[in-house]
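# Secondary and tertiary structure notes
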Amino acid sequence: MAKAKRTITDKLHTLLFWKDTRVTEGEPYTEVRKYDFSSYYPEDDYIHDTELPEKNVFDIRFFGAVANDVDVDNALYINMAFEAAEKVGGTVLISGGDYTSTTVFLKSGVTLFIERGSSITANETGKGYQNRALVYGENLENITLTGGGKIKGNGHLFGRKPVYDENIAEPADYIDVIEMRQEYRKQLRFAHPSKYGSPIILVNCNNIKAHNFIIENSAYWSFRLDKCSNVEIKDFIINNNRHVANADGFDMVGSSNVLIEHCFVSTADDGVVIKNAVWEGCDSEMCNIAVRNCEIISCTNAVKVGTETTHDINGITVENCRLFMTDLYPGSVSAISLEAVDGAKLSHVTIKNIEADRCSCPLFIRLGNRNRAAEITAQSARAIEFGEKAEKGELADKNLYNMKSEIRDVAVENLSAKEVEIPIMICGFRQKGITKRVKNISLKNINLELSRVPDTVDRRLFIPEYTTEYPECNRFRNLPSYALFIRHAENVLIENFCCSKKDTWKKERYIKDLIYD
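To continue, consider the pattern of salt bridges. Applying the stated rule across the entire model yields 41 salt bridges. Measuring nitrogen to oxygen at the nearest pair gives 3.5 Å for the salt bridge that ties Asp176 to Arg6. Of the two residues, Asp176 is situated in the loop between β9 (150–152) and α4 (177–185) and Arg6 in the segment before α1 (8–17); the sequence distance between them amounts to 170 residues. For the pair formed by Asp176 and Arg6, the shared burial category is buried. With a shortest N-O distance of 3.1 Å, Arg382 and Glu308 are connected by a salt bridge. Taken together, the positions of Arg382 in helix α5 (residues 378–383) and Glu308 in strand β19 (residues 301–309) put the pair 74 residues apart, joining distant regions of the chain.

Following this line, the structure appears as structure tokens:
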């Protein structure tokens, strides 16, 4: 419980015994609680009724599919429809209700049209799925998802009971980042081994369009794009249970030339996340990704690059987005998070016209040296996220990605944030006598309105580097500043930076080892 001041005893206990809460035992917990789903859900702003297609239409009911019967696995009938549609470049029609199914396989040149009010739904056992996906496509081209209907993941059925008996809506009496992190984790449904996977996974696919479509209640990463290209996602909703651990929104993994525009995301984990790691099968750089005109609710990071980044990423644009939290405490961990800690070079990032509300940290830029590929295998990287035991082993030589990460050329303009609890953070690192700096960062027209909740007094003699820790702003715990925290950086331009005043023991800015060339 947060309190006015952390004592010496509190600090020693944290130093010696503190660890993240994680529930690892127990059967699946299936209750849907108040505040699991966001009270704000603007479906009509993003989804519209669409006339049914008329040409080359393959209605799954003609192949034997049965609606509204949870005991029927409709995968056979849906896949038969896809095989027939593939021959003529047709449309598979899902209409007339809710169809329980195991894995559905998309085909090149085929449109999946789910009529508004109808859906494909995961079964309640998590059994029978291939490739850890409800809808799967690999080595395909010219795919379309549309219709206004849903893919429903039943995500709330595959996690263990949280530590807390109820979700939290009211803020704590004091802002203590240590306690805040635990409060979030004590509301999570950590994975049970029955967790089957994602609503949609596309691998090595080209020319993808997903318009007027809904993913609901995902069990894991909601819409995963692995090594895909030429992707356009518009008028799309992801509406998840906000306490299903590892339920990301859009995951771009080694994918390039992606546009995500006019989408609404409400989810437990990262809203839009860009990853490019060798343990995810990635083997080249990512580039040209834009996120525009979106509303994103996330319990962690609304928009994030990282943490899993061994290969380079460049050419990212995030603009005209609203990033916020409704009716839950804590709020989002961060609005925008840019991380390179496993060997990647992250560069040429543009962020502009962002409204953040109840995102604890408005902007987190973190260069580190976790070097995860030297400690995990492809299996162990994901094991814990499915309630499994991770086996140790290395995927790459310890020197291959060691000390290789860089972050440079980031421009942030017109960022407005309310209820700020953690300062904007720009952090390089110092390790074994070597300093690596975040370079060429521009902050223009920044306006921060601080939370009025008082800060826990936690005066620390020094702030550790946390170089090898999982990179998240709340890992740094309570910081001595409320607006800016900059350490190990080069060429940071700050122009028109405004911050509301607060009666606090903290100072506005903490800046250490900032140099200019």
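There's plenty left to go through after this.
Of the two faces of strand β12 (residues 223–226), the one carrying Phe223 and Leu225 and the one carrying Arg224 and Asp226 are both buried. Of the strand pairs in this sheet, β12 and strand β14 (residues 250–253) are connected by four bridges, and their pairing is parallel. When the sheet's bridge partners are listed, Leu225 is paired in β14 with Met252.

Core analysis: the biggest nonpolar cluster contains 101 residues, and Phe223, Ile233, Phe236, Phe250, Leu323, Ile424 and Ile426 have the highest contact counts within it. Top element by residues in this core is strand β29 (residues 481–499). It accounts for eight residues. In this structure, Ile233 is in contact with Ala210, Phe223, Leu225, Phe250, Leu259, Ile260, Glu261 and Cys263, ignoring residues within four places of it in sequence. Counting residues in hydrophobic clusters, the runner-up holds 15 residues, among them Tyr184, Ala245, Phe264 and Ile297.

In this model helix α3 (residues 75–86) runs 16 Å from its N-terminal to its C-terminal C-alpha over twelve residues, within 8% of the 16 Å that 1.5 Å per residue would give. Within α3, burial applies to Ala75, Ile78, Asn79, Ala81, Phe82, Ala84 and Ala85. Buried residues in α3 make contact with β1 (57–59), β2 (91–94), β3 (98–101), β4 (104–105), β5 (111–114) and β6 (119–122).

This part takes up the state of the cysteines. In the structure shown here, the tally under the stated rule is zero disulfides. The closest cysteine sulfur to the non-disulfide-bonded Cys287 is located on Cys282, 13 Å from its own sulfur. Judged by relative accessible area, which is 23%, Cys287 ranks as partly exposed.

What counts, and where the lines are drawn
Residues numbered from 1 in each chain as written. Predicted model: local features only at pLDDT ≥ 70, side-chain atom pairs only at ≥ 80, totals over all residues. Heavy atoms only, no water. Salt bridge = Lys/Arg side-chain N within 4 Å of Asp/Glu carboxyl O. Helix = DSSP H or I, 4+ residues; strand = E, 2+ residues; numbered from the N terminus. Buried < 20%, exposed > 50% of the residue type's maximum accessible area, 1.4 Å probe, protein only. Pairing = 2+ DSSP bridges. Core = buried A, V, L, I, M, F, W, Y, C linked by side-chain atoms within 4.5 Å. Contact = heavy atoms within 4.5 Å. Expected span 1.5 Å × (residues − 1). Disulfide = S-S within 2.5 Å.

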